[in-house]
There are 2 protein chains.
Amino acid sequence: MDKNFKDPFVGVLGGMGPMAAAVFMCRLIAITPVEHDEQHIPAILWNDPRIPDRRLAYFHNGADPMPWINHAIAHMAHAGAKVIAIPCNTVHLWFEKIAAASPIPVLHIVQAVIDDLHRQGIHSGRVGLMGTALTLQLGLYQGFLEAKGYTCIVLNEDQVEEYCTKPIQLVKLNRSNEAFEPAAAGVNILRELGADAVILGCTELPIAVPHYRRSELGVPVIDSIDALAHATLERYRKEESFSD
Amino acid sequence: MDKNFKDPFVGVLGGMGPMAAAVFMCRLIAITPVEHDEQHIPAILWNDPRIPDRRLAYFHNGADPMPWINHAIAHMAHAGAKVIAIPCNTVHLWFEKIAAASPIPVLHIVQAVIDDLHRQGIHSGRVGLMGTALTLQLGLYQGFLEAKGYTCIVLNEDQVEEYCTKPIQLVKLNRSNEAFEPAAAGVNILRELGADAVILGCTELPIAVPHYRRSELGVPVIDSIDALAHATLERYRKEESFSD
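Note that the structure is a prediction, hence the values are computed from the model and not measured.

Calculation rules
- Chains are numbered independently. Their residues run from 1 in the order of the written sequence.
- To read the labels, note that chains go from A and ligands from 1, taken in the order they are written.
- In keeping with the model being predicted, local features are shown solely for residues with a pLDDT of at least 70 and side-chain atom pairs are shown and tallied solely at 80 or more, while totals for entire chains, interfaces and linings include all residues.
- Only heavy atoms go into the side-chain values, all of them from the structure, while hydrogens and water stay out.
- For each structure, a 1 Å grid was placed over the protein atoms alone; sets of points admitting a 1.4 Å probe that cannot get out are labelled cavities, open sets with protein on both sides within 12 Å along at least five of seven lines are labelled pockets, and lining residues have an atom within 4 Å of a point.
- Grid points are joined across faces, edges and corners, and a volume is the space filled by probe spheres set on the points.
- What counts as a helix is a DSSP run of H or I of at least four residues, what counts as a strand is a run of E of at least two, and both are numbered from the N terminus.
- Basically, the charged four are Asp, Glu, Lys and Arg, the nonpolar ten are Ala, Val, Leu, Ile, Met, Phe, Trp, Tyr, Cys and Pro, and anything else, Gly included, counts as polar.
- Two strands pair under a simple rule: DSSP has to find at least two bridges between them.
- Angular values range over 0 to 180 degrees, each being the angle between N-to-C directions of two axes fitted as lines to C-alpha atoms, with helices fitted over their stretch in contact.
- For this analysis, residues touch if any pair of their heavy atoms sits within 4.5 Å.
- Crossings are sorted by hand: turned counterclockwise from the far helix by less than a right angle, the near helix makes the crossing left-handed, and turned clockwise it makes it right-handed.

### Section: the layout of surface pockets
Then, in step 1: Each pocket or cavity is described by its volume, and for the largest pocket that value is around 1900 Å³.
Then, in step 2: Forming the walls of the largest pocket are 43 residues, and the residues nearest its centre are A:Pro210, A:Tyr212, B:Val23, B:Pro210 and B:Tyr212.
Then, in step 3: Those elements that place two or more of their residues in the lining of the largest pocket are helix 2 (18-30), helix 11 (205-208) and helix 12 (224-243) of chain A together with helix 2 (18-30), helix 11 (205-208) and helix 12 (224-243) of chain B.
Then, in step 4: A breakdown of the residues in the lining of the largest pocket according to their chemical character gives 23 nonpolar, 8 polar and 12 charged.

### Structural notes on the sheet that holds strand 7 (residues 221-223) of chain A
All names here are of chain A.
Then, in step 1: The strand order across the open sheet built from 4 strands is 5-4-6-7, with neighbouring strands paired in parallel fashion. At either margin of the open sheet sits one strand with a lone partner, and together these are strand 5 (150-154) and strand 7. Each neighbouring strand pair of the sheet contributes to a mean axis angle of 30°, computed without reference to strand direction.
Then, in step 2: Relative to strand 7, strand 6 (residues 197-200) runs parallel, the two sharing 3 bridges. Opposite Leu200, over in strand 7, you have Asp223 as the bridge partner.
Then, in step 3: Lying over the sheet, helix 10 (residues 180-192) contacts strand 4 (125-130), strand 5, strand 6 and strand 7, oriented at roughly 155° with respect to strand 4.

### A word on the packing of helix 9 (residues 157-172) of chain B against helix 10 (residues 180-192) of chain B
The geometry of a pair of packed helices is captured by two quantities: the angle between their axes and the separation between those axes.
All names here are of chain B.
Then, in step 1: The interhelical angle for the contact between helix 9 and helix 10, taken along N-to-C directions, is 145°, at an axis separation of 8 Å. For the pair helix 9 and helix 10, the crossing hand works out as left-handed. When helix 9 is examined against helix 10, the residues Gln159, Glu162, Tyr163, Pro167 and Leu170 are found in contact with a partner set consisting of Pro182, Ala183, Ala185, Gly186 and Ile189.
Then, in step 2: Across the contact of helix 9 with helix 10, the residue classes tally to 7 nonpolar, 2 polar and 1 charged.

Shown next, in the form of structure tokens:
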């Protein structure tokens, strides 16, 4: 039993927002093939919605999220986590700082999304981006995607407000059923602009556009929650094999 | 910020099974009225599917789940949790041991379900029980309900196997969409036997019988995941007011 206590955990840093992280946990479990509970990945979710607002921190000299993030990761590492997943895209603007301060490896959600594009057979072409205004404006995705040979298509500022910010806020207010229409309208505009795939690059957006409605969209969507879940499962299997 | 680090967390002991605990996290968030992420409850989910099988421990001298449970609760308390919720009914057969060893209060899921019966205006009458064979056989619910003046209706052994164990296993195998039919058939039998309400007294069963299909059943169901989420929210609000 002592050996098992020391088996690796996955640490999930959530709260940004909390529903996205809880849904990430569901999806991590849903994509893990098992015959018994015991085959699921041991995971800790640190779901702390008090982590200071990323937009306010970046633009308005708001409280720094870093001490909260470091505190959470330190506790998860202490408890046995061997790798960290963060189901929030925007906070990946702080990724270098987070990874440098973390005692254990941190997965990068953008890398996970690129791996998922490949998993879906999309190795080049025009990719539509949806996400928070902050991630789109600062180009969290664009640099990575262009380095891999993709062309990025982005909505204009008003469209981001209407088709990204609005559904994201609706999900955060527990009004996800109202969030599909504006989010789907955003996907549709990107499709009409020539996107071969659309990245739901904010973890509230896959909740706005649930799996069972994606066939209505007429273009493949890359779900940053599911992409990170796949990356987490793959990385965990590697950590597990290291610890044998 | 130091003050905020010390604000109470909710600790959620999951893994029995892991999907039920992840769905509990979603439901806790969904029932919390908020205008901003920051108003959600800080919560840690310790989702450890390696906690030894409760049925094997009880009947077949299998590995003892208690050291794993104590280990998890101790880590959550150390991280700042002030109250523990356990979204698994069967493990409440060990409740006295768990509560005695825990440094922080542990909510009881059966009490949460009784509170939810009251919340739904069902103060007496005949209540149908669904759950694992172990909880039904050992009467986890029956004593509490009868002490409150309810009459319990239970399926026979073969029916439990077909209409409880089978959908529970399907949920654990990530085949929830196949679990509605057998679970709903069980609810229907209990309704025909005169139940005024049916308790989904295993946390896989509310996943088998999703909210949007409950109106098909013709009898109110009491969802042990949602009941525990309501109890957790209420208890957290009290802890929060203590810590002011």
